[in-house]
Amino acid sequence: MKTYKKIFLSRIFFFFTLLLLSDKTAALYAQTVDALLEYEVAVLNPETLKKYNRIYSYEPNHAFEAPDLTDAVILDSPLTVFYPVLEGTYPLVIISHGWQVSKKPNASLARYLASQGYVAAILSAKEKSYPEEFIAAFESAYTLLKTANENTESRLFKRMDMQKTAVIGHSMGGTAALHFSKSSPDISAVIALNPYNGASFLIERVGGKNEVLGTDLTTLQIPVLIVTGSKDNVAYPEKTFEFYKHCNTSAPTAFLSIKNGVHGSGLDSKGNMLSGWFDIELYTRYRLLILGWLDLFLKQEISEASMPYLQPAAFEAIKDWFYSGNIKRYPAYAFRNFLRR
C-alpha cells in the first residue's frame, strides 16, 4: 500500500490562495499555471502529428529513435516518450488512447507533462475494441520502460522513478487504466478520462457494456481521478460515475464532470460528430486538472495546479467548470479522502 506524506501550505502558496479570491480567479489560475518555468523537452520515436497538434507551434529540438521501445505483438507502434532534457530522475506517466484510435491525440498532453517535470509515454494498442484488451498494452508499456530505465545504453537510463508511476487512459483506455492499476503494485496514481462503462444501445452493440471488467475498484488503494463531460454521448457520465461509487472508500478519490465537456475534450484532436469537436478552453481545463492530480499524488508536492484539490478557496475559483446534466444520477463533482477541506 502506498503512503503519502502530509503536505503543508507554505506562505507563498497561501499568498497564491488569496489571489484566487479576487475577480477572474479561474483565469488567474490558468495563467499562473501556464506561466510556470517549463523544462525543455526531448522526444523518443517522434511521429507526424499535423492532424493532432493544436497546441504547439514548433517541434522539440531533441528527437531520437528508440527501437527498444517496441512490442510488435501487443503494440501497433513503438512507444513515443517525451521527457525533460535536463538530467535527473522524474516520475513516469503512461498514457493510453481509447477505442480504435492511436496514441497521437495524447501527444500534446504527454509533451506538456514532460515540460512540467515528468517522463510521459504514449502507447498505441494493437487490440482496441473492448476495455479489457487495453490492459495488455499497459503491461507491455510498463515493462518496456522499466527495462529501458535499467539499460545503460538507453537514453532513458535512470531517468524514471519507477516507484512514482501513474497511468492515464481515455475512454476504454481509462477503464483499463483503472483495472490495470489494481494488480500493479508500482502504480502510485491513476487518472481515467471519460472512462467507458456503456452508453446508448447502438454504441453498446459495438463496444459492449464493460461486462468483463465491470466497475468494482474496491481493491484499488491508490489515488483515483475520474474526469467526464456533462455532454459525453459516448461514455455516459452517469455510467462513468459508477466507477467512483465502487472505488475503495479509504483511497483518495475525485470525480469531476466538466461543464459542456464531450467525449474527446481531453484529446488534441479535431473531433467528430459523435465524440464532439475540439475546444481549446475545455482541453486546457482537462490538462490543468490532470497536472494538479499528478503533482499532488505522484510528486507529492504542492503546486499551483494542485491547489484546487487542497484549498476550498482555490476550488471555488474553478467550481463553475463543473456541471451535472442530471444531479439525481451523478454529481458535478465529488471528493473523498484527501486534503481538500
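All values derive from a computational prediction rather than experimental measurement.

Quick notes on the rules
- Residues numbered from 1 in each chain as written.
- Predicted model: local features only at pLDDT ≥ 70, side-chain atom pairs only at ≥ 80, totals over all residues.
- Heavy atoms only, no water.
- Pairing = 2+ DSSP bridges.
- Helix = DSSP H or I, 4+ residues; strand = E, 2+ residues; numbered from the N terminus.
- Axes fitted to C-alpha atoms, helices over the stretch in contact; angles between N-to-C directions.
- Contact = heavy atoms within 4.5 Å.
- Buried < 20%, exposed > 50% of the residue type's maximum accessible area, 1.4 Å probe, protein only.
- Expected span 1.5 Å × (residues − 1).
- Polar contact = N/O pair within 3.5 Å; in protein donor to acceptor, adjacent residues only side chain to side chain.
- Right-handed = clockwise from strand over helix to strand, strands pointing away.

A. Quick look at the sheet that holds strand β7 (residues 187-193). With mixed pairing, the 10 strands of this open sheet are ordered in space as β2-β1-β3-β5-β4-β6-β7-β8-β9-β12. Edge positions in the sheet fall to β2 (62-64) and β12 (333-336), since each of these pairs with one other strand and no more. The mean inter-strand angle of the sheet, taken between neighbouring strand axes irrespective of direction, is 15°. Sheet topology note: the strand β4 (residues 90-96)/strand β6 (residues 160-170) ladder contains seven bridges and is parallel. Within the sheet, the bridge partner assigned to serine 96 lies in β6 and is glycine 169. Docked against the sheet, helix α3 (residues 107-115) engages β1 (41-44), β3 (80-84), β4, β5 (119-122) and β6, running at close to 25° with respect to β3. Each of β4, β6, β7 and β8 (224-229) is contacted by helix α5 (residues 172-182), which is oriented at about 140° to β6, the strand it contacts most.

B. Representation of the side chain of serine 171 within the structure. Looking at the element boundaries, serine 171 is found in the loop between β6 and α5. The exposure class assigned to serine 171 is buried, which follows from its relative accessible area of 4%. Here serine 171 is in contact with Gly98, Leu193, Asn194, Pro195, Tyr196 and His263, once residues within four sequence places are set aside.

C. Examining helix α8 (residues 280-297) more closely. Over its 18 residues, α8 extends 26 Å from the first C-alpha to the last, a length consistent with the 26 Å expected when each residue adds 1.5 Å. Along α8, 16 of the 18 residues are buried, which leaves the element largely enclosed by surrounding structure. Looking at where α8 begins, the residue whose side-chain oxygen comes 2.9 Å from the main-chain nitrogen of glutamate 281 is aspartate 279.

D. View of the pairing of β8. Burial analysis of β8 places six of its six residues in the buried class, the great majority of the element. Because side chains alternate across β8, one face comprises the buried residues Val224, Ile226 and Thr228, and the other comprises Leu225, Val227 and Gly229, equally buried. Where β7 lies against β8, four bridges are found, and the strand directions are parallel. Bridged to isoleucine 191 within β8 is leucine 225. With six bridges joining them, β8 and strand β9 (residues 253-258) adopt parallel strand pairing. Across the sheet, leucine 225 pairs through a bridge with alanine 254, a residue of β9. In terms of handedness, the path from β8 via helix α7 (residues 237-245) over to β9 forms a crossover that is right-handed.

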